[in-house]
There are 2 protein chains.
Amino acid sequence: MAREKEILEKVRARLDDLTKPKDSLGYLEKIIERYASITEKTEFKLPLKKIISVFCGDHGIAEEGVSAYPQEVTKQMVYNFVRGGAAINVIGKYIGADVFVVDVGVNGDIEKKGDGMWEFFISHKVNHGTKNFLKEPAMTPDEAKKSIEVGYKMSEIAQKYDIAVPGDMGIANTTPASAIVSFITEQPPEKVVGRGTGIDDQKLKKKIQVVREAIEKWRPKNGMEALEKFGGFEIGAIAGFILGCAEKKIPVVVDGIISLAGFCVAYSLDRSIPEKVFFGHKTYEPGGAVISEFFGQRPIVDLEMRLGEGTGGAIATTIIEIALSLYMNMATFSSAGVSRKID
Amino acid sequence: MAREKEILEKVRARLDDLTKPKDSLGYLEKIIERYASITEKTEFKLPLKKIISVFCGDHGIAEEGVSAYPQEVTKQMVYNFVRGGAAINVIGKYIGADVFVVDVGVNGDIEKKGDGMWEFFISHKVNHGTKNFLKEPAMTPDEAKKSIEVGYKMSEIAQKYDIAVPGDMGIANTTPASAIVSFITEQPPEKVVGRGTGIDDQKLKKKIQVVREAIEKWRPKNGMEALEKFGGFEIGAIAGFILGCAEKKIPVVVDGIISLAGFCVAYSLDRSIPEKVFFGHKTYEPGGAVISEFFGQRPIVDLEMRLGEGTGGAIATTIIEIALSLYMNMATFSSAGVSRKID
């Protein structure tokens, strides 16, 4: 704590010496402070080395008709990621990030065939999709633990980077994510559940009902049990990734509702997690606002995106990098010969 | 109009074929549509070539004690811009923009001495600061016209670029800007005037009073007359820059309250202007929200910045560029073999 105070004082002194009205970088100054406090550094090498890790898994609950897309899309999108055609690839390229694709629980086998950045594909498959959690727990306790370990393992790769973004792919995964968020924040499903990739009113009603029933049926005791009962593999992996990065002082930028569900599980295992991440993008799902309020965190950008993959978090890294560039590269009042405020 | 409809249909068709849930890029899709409709293009060469033009001028109203900084700071900051030490330089470098510094009305002479990017400094000085508009009109009608021409001239340089950001520097300039915004939106000064670079309650009260008195005293008939009565040179130049870029189909990203005042003047001369710009950053000054509402425009980012120079607009260009990258580079459903939505 003494160390953190010292760091923040040093950062504040520099911020107030930059040629700008005091506090006028606004939220960027808070970003700089947080980045410094997580990394325990007061100088930063730029550009930041960025890692995006897209965790992929399938969900048994898809058979209840809670998604607008068929389950096969998860697997198809894995190939799309490897070939560089998805939104997260384009953004990753723009921001200069390495985009890892991790199969934690895709239903079906990924064959390493055809063109693609297979060197960034990692298979850590725990199982072929979760079970339908209306009928049985989505995962076994051992599977839940293993999914977290996958994320933790990825955080070891993240040690070579300066900032990390967890992403997700998994048809129907906003359903278990909503269940976890509803459980952790103790807010009713109708306040948390949204339209995901774009379901209609009828499916939305069904989805809310599914989440309500599942919470009542399984009554989890804690975040870890919620992960086990509702799933999924990619959500557990994101939780492990966040925990591992926090431990290694690597700032994590959390993305949408799936990332936030992983964040909730991580939080249930380590209450200091909220101070160690950035909320990257305002989540379109209603559960996003619920979490923002619950944890008192303000997302960096709000672009009304709702496609997951880590896209919102990845975009937010540009803002973080700009903030750090200003901190590192602006002139100071004394060096530039600019007059200070009138007292 | 037929041409615009055709362009938007083409853009929409491509957006809906990209491997993502329909409409899931959210606000980025609106950005893409607007960029296409302004440029009348459906394909974009990336990265965008970006120009930032920082217009600098002084204000006679500064002698009323409405700013937290002494007037000499305007001139000092011009040197800081040329030497690359200001916030806009750091952001400009980050986004790969050329940053032009234009003296439209700085009080005192800028001597081209010492190190610096003098090739990006342009002197188009109309006068040495405006007059104190509580006592006399800030500018003569001829000066107001000339200040607009400076901006227009800069839009000719902007023709070599794909996107343009007007910036500003001028101690006390939020006071005339607020007067212009208050006049155009017909909102009372207390709803528009803010703390600028950080004045206290007493100065804020004084500033509101100054704006109220000036509007009552001069009762301008239109935006052009408001520019003349309140000033200033950089605000007129921004108006001309916006008008010139719009005419040349160069998308402009408007920044904070000073840019917005220039935008208001441009709007009073050409009612189609609101469709031809992006609102880059949510303006911290209360007048920003008033304008956003008046014109029904949503800013791209909100980072609570309040230092002008074009910083917020410049940051927003990264989001625009990411949006266009997604549009240009994502795979399509058919090419990637990804299944579409369930009907």
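What counts and how
- Residues numbered from 1 in each chain as written.
- Chains lettered and ligands numbered in written order.
- Predicted model: local features only at pLDDT ≥ 70, side-chain atom pairs only at ≥ 80, totals over all residues.
- Heavy atoms only, no water.
- Buried < 20%, exposed > 50% of the residue type's maximum accessible area, 1.4 Å probe, protein only.
- Helix = DSSP H or I, 4+ residues; strand = E, 2+ residues; numbered from the N terminus.
- Pairing = 2+ DSSP bridges.
- Contact = heavy atoms within 4.5 Å.
- Buried area = accessible area lost by both parts, 1.4 Å probe.
- Salt bridge = Lys/Arg side-chain N within 4 Å of Asp/Glu carboxyl O.
- Polar contact = N/O pair within 3.5 Å; in protein donor to acceptor, adjacent residues only side chain to side chain.
- Phe/Tyr/Trp six-rings, centres within 6.5 Å; stacked < 30°, edge-to-face > 60°.
- Lys NZ or Arg CZ within 6 Å of the ring centre and 35° of its normal.
- Least-squares fit on C-alpha atoms with pLDDT ≥ 70 in both.

A. Spotlight on the pairing of strand β2 (residues 97-105) of chain A. Residue and element names in this part refer to chain A. Burial within β2 is extensive, with eight of its nine residues counted as buried. In the sheet, strand β1 (residues 50-57) pairs with β2 via eight bridges, with the strands oriented parallel. Residue Cys56 lies in a different strand from β2, and its bridge partner there is Asp103. Across three bridges, the pairing between β2 and strand β3 (residues 121-123) is parallel. Bridged to Asp103 within β3 is Ser123.

B. Just the interface of chain A and chain B, in detail. The interface of chain A with chain B comprises 55 residues on the first partner and 55 residues on the second. Summed over both partners, the interface of chain A with chain B buries about 4700 Å², with 61% contributed by carbon and sulfur atoms. Among the residues chain A hides against chain B, the three largest losses belong to A:Tyr69, A:Tyr94 and A:Leu303. Together they make up 13% of the total. Where chain A meets chain B, there are four salt bridges. Salt-bridge contacts for A:Arg298 lead to B:Glu304; the nearest nitrogen and oxygen are separated by 3.0 Å. Counting every contact that joins chain A to chain B gives 22 residue pairs in polar contact (both at pLDDT 80 or more). For the side of chain A that touches chain B, the secondary structure elements donating two or more residues are α2 (27-39), α3 (72-83), α4 (87-95) and α13 (311-329) of chain A.

C. Molecular detail of the packing of aromatic side chains. Across all of its chains, the model carries 22 aromatic pairs over all chains by this definition. Judged by centre distance (5.5 Å) and plane angle (80°), the rings of A:Trp118 and A:Phe121 are edge-to-face. Each member of the pair, A:Trp118 as well as A:Phe121, is classed as buried. For the ring pair B:Phe44 and B:Tyr327, a centre distance of 5.6 Å and an interplane angle of 50° mean the geometry is tilted. You can see B:Phe44 sitting in the loop between α2 (27-39) and β1 (50-57) and its partner B:Tyr327 sitting in helix α13 (residues 311-329), a full 283 residues away along the chain. Like B:Phe44, the residue B:Tyr327 is buried in the burial classification. An aromatic cluster is defined as three or more aromatic residues linked by ring pairs; in this entry it consists of A:Phe263, A:Tyr267, A:Phe279, A:Phe294 and A:Phe295. If you follow A:Lys217 out to its NZ or CZ, it ends over the ring of A:Trp218, 5.4 Å from the centre. The ring centre of A:Tyr152 lies 4.1 Å from the NZ or CZ of A:Lys248, which sits over that ring.

D. Up close: the environment of B:Ile52. Residues and elements named next belong to chain B. Inspection of the secondary structure assignment puts Ile52 in strand β1. Residues Ile52 and Ala164, 112 residues apart in the sequence, show an inter-C-alpha distance of 5.8 Å. The residues touching Ile52, leaving out its near neighbours within four places in the chain, are Ile88, Gly92, Ile95, Ala97, Asp98, Val99, Phe100, Val165, Glu309 and Ala314.

E. Highlighting the relation of the copies chain A and chain B. The transform that puts chain A on chain B rotates by 180° and translates by 0.0 Å along the axis, for an RMSD of 0.0 Å. Such values leave the two copies arranged in the relation of a two-fold axis. Residues of chain A ranked by C-alpha distance from the rotation axis are headed by A:Val301, positioned 3.1 Å from it. A share of 100% of interface residues in chain A that are also interface residues in chain B marks the association as one of identical surfaces.

F. Region of the structure containing unusual backbone geometry. The peptide bond linking B:Leu46 to B:Pro47 adopts the cis configuration, its omega dihedral lying at -5°. Mapped onto the secondary structure, B:Pro47 falls in the loop between α2 and β1. At the junction of B:Gly231 and B:Gly232, the peptide bond is cis and its omega measures out at 0° in the coordinates. With respect to the helices and strands, B:Gly232 occurs in the loop between α9 (223-230) and α10 (233-247). Residues other than glycine seldom take positive phi values, yet A:Asp23 does so here, at roughly 65°. Along the polypeptide, A:Asp23 turns up in the loop between α1 (2-17) and α2. Phi is positive for B:Glu186, close to 55°, though the residue is something other than glycine. Its place among the elements puts B:Glu186 in the loop between α6 (174-185) and α7 (189-192).

As far as function goes, none of this settles anything; it's purely spatial.
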